[in-house]
Amino acid sequence: MATLISNPQDVFPKFDSIPPDMRPGEHPEGERYLINGEVHRWDGPFQEVLSPICIRTERGVEQHKLGHYPLMTEKEAMQALEAACDAYDHGCGKWPTMSVADRIRCVEDFIPRVVERRDEVVRLLMWEIGKTLPDAQKEFDRTVDYVRDTVSALKELDRVSSRFIMEPGFLAQIRRSPLGVVLCMGPFNYPLNETWTTLIPALIMGNTVIFKPPKYGVLLHAPLLEAFAQSFPPGVVNTVYGEGPVVVGPLIKSGRIDVLAFIGSARVASILKHQHPRPNRLRCVFGLEAKNPAVVLPHADIDLAAKECALGALSYNGQRCTAIKIIFAHRSIADEFSRKLVAQVQKLKAGMPWDEGVSITPLDEEGKPQWLQELVDDAVRGGAKVINEGGTHIDHTMYYPAVLYPATADMKICQVEQFGPVVPIVPYDDEGEVIKWAIDSPYGQQAALFGEDPQRLSKLIDVFVNQFCRVNLNSQCQRGPDAFPFTGRKDSAEGTLSVSDALRVFSIRSLVAAKSTDENEKIVSQILTERKSKFLSTDFIF
Ligand code: G3H
């Protein structure tokens, strides 16, 4: 392991020096896929999975070959679609007509089956996407908590819906009903969490699901296929693997996908959405790009701002949609802030995901270090300097973070989402400059404000809440806690996710209403007391 200012030459290990319980192992499970309740073994062509983690061998430093996954064709994608459509059966299938209590029971049975596979999934998160051990554990545990919280939120929703509404002349019961077949696609940086934060609410609301893992972060889903197969009726959860245009394009073009839940780039989201033959019928839930700014005001607590910005910009190498991707520092404190930020960055340790205290790890996207370097070179040509020692060093899949100062808002690094460890600091004189940048930005997810002057903060808060969807005071940007709404304006999102919001996103309100006549009241009473209907019911889930 190397600190950022030490010689980073031998950051990659020899295989034998990797602690035995952290070694990657074999992953034949990656050859399997789940369609119509059955886990099949694929005998067609495969995609090789190269870990971002390199190993020093006699041949030199090489990316470790981790395994492979099926490169499915349109035919298998259509089989998955057929299975999901059959299981939904236009809303008449076993799953969409099951009582909420029974669906909850399926999810409750699912949880321990998932927890059993924690170690394998965590290890694959490290090896497939270079996430540190504590972050990989956190991703897994947070996801399981999300599933449990979703169950609690649905119970609460159902309790509220179990009562009748009496309006003059009418009685009614309003509940939430499923929408149909949902296609879930998560991103590579949170391949488990951000797939399941759409998949689980979609499922529990009675929809049937096809999920396609992202390009990186595929194998980690394999240990969980049995848990899905054992916990849910056939066809309720199906997987497809392969290249997006080959397997996803035909699914959307079929017109039989009712909801598209996608976390990724705005460009891909737009292509997918427009492939649907009847776009008005397609509901979209998107988490897209972001360019979250931090603004360091005069009189801010500079130590705190530097610490939060380093963490916010560089945890998991800056590969978070919520990462701080540009910092505006008031010119009066910009030099001091930059020095303090660099001091925080230099404390970071680069190494392998299982190394203790490590935060800078290998990047999984092919060609990413070179692309980041192009952004840095462009900024340097424009007059910025890399002000941290060791910054921009490339070692195979490693990119040592670069702090750029002074950057200007027109540089490419200040316009695009870098999704990597490059931190531009833009000095400003007047908050109006930052507001203009925010208005012109195509993104609007979150911002972080650092300051101690309530008046100056208030002015910015009131403008920023109409530019972004979350304004963080004296702290970095982040998605959690998962009870908070997670969304964005402009090209950053469509729809809102949180534990309770997601249940609404994947369902629609349906009601049974009747004129309040004696006869109708008698009929409804009989349905209730004889428990004839699952929808029209006052049963209470504890
Ligand atoms: O990549 C986007 C994630 O939703 C960010 O979540 O703020 O908890 O890291 P996080």
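Residues numbered from 1 in each chain as written. Predicted model: local features only at pLDDT ≥ 70, side-chain atom pairs only at ≥ 80, totals over all residues. Heavy atoms only, no water.

In this structure, W196, I210, F232, V296, I327, F337 and L341 are the most contacted members of the largest nonpolar core, which totals 139 residues. Excluding residues that lie within four positions of it along the chain, W196 makes contacts with F110, V114, T143, V147, P201, H221, L224 and F228. (Core = buried A, V, L, I, M, F, W, Y, C linked by side-chain atoms within 4.5 Å. Buried < 20%, exposed > 50% of the residue type's maximum accessible area, 1.4 Å probe, protein only. Contact = heavy atoms within 4.5 Å.)

Attention now moves to empty space enclosed by the protein. In this structure the tally under the stated criterion is three cavities of 30 Å³ or more. Of the pockets and cavities examined, the largest cavity occupies roughly 120 Å³. Mapped by element, the contributors of at least two residues to the lining of the largest cavity are β12 (283–287) and β25 (493–494). With three residues, β12 is the single largest residue contributor to the lining of the largest cavity. Tallied by class, residues from the lining of the largest cavity come to eight nonpolar, six polar and one charged. (1 Å grid on protein atoms, 1.4 Å probe; cavity = no way out; pocket = protein on both sides within 12 Å on 5 of 7 lines; lining within 4 Å. Points joined across faces, edges and corners; volume = space filled by probe spheres on them. Helix = DSSP H or I, 4+ residues; strand = E, 2+ residues; numbered from the N terminus. Nonpolar A, V, L, I, M, F, W, Y, C, P; charged D, E, K, R; others polar.)

On to the packing of aromatic side chains. Evaluation of the coordinates by the stated rule reveals 16 aromatic pairs. An angle of 50° between the planes, with centres 5.9 Å apart, marks the rings of F211 and F228 as tilted. Linking F211 in strand β9 (residues 208–212) with F228 in helix α7 (residues 225–231), this pair joins segments that are 17 residues apart in sequence. Each member of the pair, F211 together with F228, is buried. On the basis of an interplanar angle of 85° and a centroid distance of 6.2 Å, the ring pair of F262 and F286 is categorised as edge-to-face. You can see F262 sitting in strand β11 (residues 259–263) and its partner F286 sitting in strand β12, a full 24 residues away along the chain. (Phe/Tyr/Trp six-rings, centres within 6.5 Å; stacked < 30°, edge-to-face > 60°.)

Surrounding the ligand, one finds R142, N189, Y190, E194, R320, C321, T322, Q478, R479 and F486. Within the side chain of Y190, a nitrogen or oxygen atom sits 2.4 Å from an oxygen atom of the ligand. T322 places a side-chain nitrogen or oxygen 2.7 Å from an oxygen atom of the ligand. When the ligand is considered free in solution it has 300 Å² of accessible area, and contact with the protein chains removes 95% of it. A per-class count over the shell around the ligand returns three nonpolar, three polar and four charged. (Near = heavy atom within 4 Å. Polar contact = N/O pair within 3.5 Å; in protein donor to acceptor, adjacent residues only side chain to side chain. Areas by Shrake-Rupley, 256 points an atom, 1.4 Å probe, with all protein chains shown as cover.)

Nothing here speaks to function; it is geometry throughout.
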